[in-house]
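# Breakdown of the fold
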Amino acid sequence: GGSVAALAGALAAALGEMVCRLPLHRKSFSAQQPAREESLAHLTRLRERLMQNIDRDAQSYNAVLAAFKLSKTTETEQQARAQAIEAASKTAAAVPLETAQMAVEAARVIETLRTMTIPQAASDLAVALYLADAARRGALENVRANLPSVADSEWVTQTERQIRTLEHTPERSF
C-alpha cells in the first residue's frame, strides 16, 4: 500500500507538471510564468522523491518481514529480533509518513496553479488533487499499520501527532 500511495503522489505531481508546461499564449498569463516555472521545479522534485519512495517503501516492508523471520530460540536472539523489528518498523512507518508529507506539499502547489493556467486545465488539476489526497490517506494508513510493532512510546506519540496534523489538512474545493 505504501508504494502505491507514493505512486499516486508521483502521478499527482506529474499532472501538475503537465499543467505547468501548457503553452499559454495569453498576455494575462505571461506575468505568472516565473511562478509556473517555480511550481514546475518544485513538483518535479516532489515527483522524483515520491518515485524513490515507491522502492524505499517496498524495501522497508521487506526489512520488516526479514526481522520477523529472525530466530528467537535464545534470549540473545529474541533481543536481536526485537531490536530488528523495532528498527525496521520505524523505517516502515517513516517512509509513508514522508510520502504523506510530500503529497500534502504537492497538493498545495497544485492548488496554486488554478489561477496560473487556462480554465480547460481545471479537470487535470482536480484529478491531481484527488491523487494527492489518495496518496496522503493511503500513506497514513501504512504509517498506522506499522506503529503497533514499535515499542518506543515517545517515537510513537510523536508520529501519531504528525499523523493528526496530516489528517487535518484542509480538503480542497473543486
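Quick summary incoming for the structure in this document. (Residues numbered from 1 in each chain as written. Predicted model: local features only at pLDDT ≥ 70, side-chain atom pairs only at ≥ 80, totals over all residues. Heavy atoms only, no water.)

Turning next to the overall build of the protein. A count of helical and extended segments in the protein gives six helices and zero strands. Moving toward the C terminus, one meets the helices and strands of the protein in the order α-α-α-α-α-α. Seen along its three principal axes, the alpha-carbon backbone of the protein occupies a region of about 75 × 25 × 20 Å. Looking at the protein residue by residue over its 174 residues, the buried ones come to 41%. Contacts in the protein between residues far apart in sequence, at least 24 positions, make up 79% of those at least 6 positions apart. Carbon and sulfur atoms form 55% of the exposed surface of the protein, whose accessible area is close to 9,500 Å². The positive charge centre, built from 20 side chains, and the negative charge centre, built from 20, are 5 Å apart in the protein. (Helix = DSSP H or I, 4+ residues; strand = E, 2+ residues; numbered from the N terminus. Buried < 20%, exposed > 50% of the residue type's maximum accessible area, 1.4 Å probe, protein only. Contact = heavy atoms within 4.5 Å. Areas by Shrake-Rupley, 256 points an atom, 1.4 Å probe, with all protein chains shown as cover. Lys, Arg positive; Asp, Glu negative; His and termini not counted. Charge placed at Lys NZ, Arg CZ, Asp CG, Glu CD.)

What follows concerns the nonpolar core. Membership of the largest hydrophobic core comes to 22 residues, with the highest contact counts inside it found for L43, I110 and L113. Looking at this core, the elements that each hand over two or more residues are α1 (2-20), α3 (33-68), α4 (75-112) and α5 (122-146). Per-element tally for this core: the top contributor is α1, with six residues. Apart from the residues within four sequence positions on either side, I110 is in contact with A12, A13, G16, L43, L125, A128 and L129. (Core = buried A, V, L, I, M, F, W, Y, C linked by side-chain atoms within 4.5 Å.)

Before going further, it helps to examine a nonpolar patch on the surface. On the surface, a nonpolar cluster with roughly 250 Å² of combined accessible area is contributed by L7, L11 and M51. Tracing the chain through its elements places L11 in helix α1. (Patch = residues over 30% accessible without salt bridge, like charges linked within 9 Å, V, L, I, M, F, W, Y side chains within 5 Å. Salt bridge = Lys/Arg side-chain N within 4 Å of Asp/Glu carboxyl O.)

Under the definition given, this model contains eleven salt bridges. What you see here is one network of salt bridges that share partners, running through R49, R56 and E98.

Tracing the backbone through its elements, the reader meets V4 in helix α1. A sequence separation of 54 residues divides V4 from A58, and the C-alpha atoms of the two residues are 9.9 Å apart.

The description of two packed helices rests on the angle between their axes and on the distance between the axes. In contact at an axis separation of 8 Å, α4 and α5 are set at 160° when each is read in the N-to-C sense. The angle between α4 and α5 falls in the class roughly antiparallel. Like other packed secondary-structure pairs, α4 and α5 cross with a definite hand, here left-handed. Where α4 abuts α5, its residues S89, A92, A93, P96, L97, T99, A100, A103, V104, A107, I110 and E111 lie against L125, A128, L129, A132, A135, R136, A139, L140, N142, V143 and N146. (Axes fitted to C-alpha atoms, helices over the stretch in contact; angles between N-to-C directions. Parallel < 35°, antiparallel > 145°, perpendicular 65-115°, else oblique. Left-handed = near helix turned anticlockwise from the far one by under 90°.)

By the secondary structure assignment, R81 is in helix α4. Of the side chains bearing the opposite charge, E77 lies closest to the buried R81, which forms no salt bridge; the N-O distance is 9.1 Å. Once residues within four sequence positions are removed from consideration, R81 is found in contact with A67, F68, L70, S71 and K72.

Here A132 shows up in helix α5. Along the primary structure A132 and G9 are separated by 123 residues, whereas in three dimensions their C-alpha atoms are 5.0 Å apart. Residues within four places of A132 in sequence aside, it is in contact with A12, A103 and A107.

Quick look at α5 now. Taking 1.5 Å of rise per residue, 25 residues should cover 36 Å, and α5 covers 37 Å from first to last C-alpha, within 8% of that figure. If you check which residues of α5 are buried, you get L125, A126, A128, L129, A132, A135, R136, A139, L140, N142, V143 and N146. Contact partners of the buried residues in α5: α1, α4 and α6 (153-167). (Expected span 1.5 Å × (residues − 1).)

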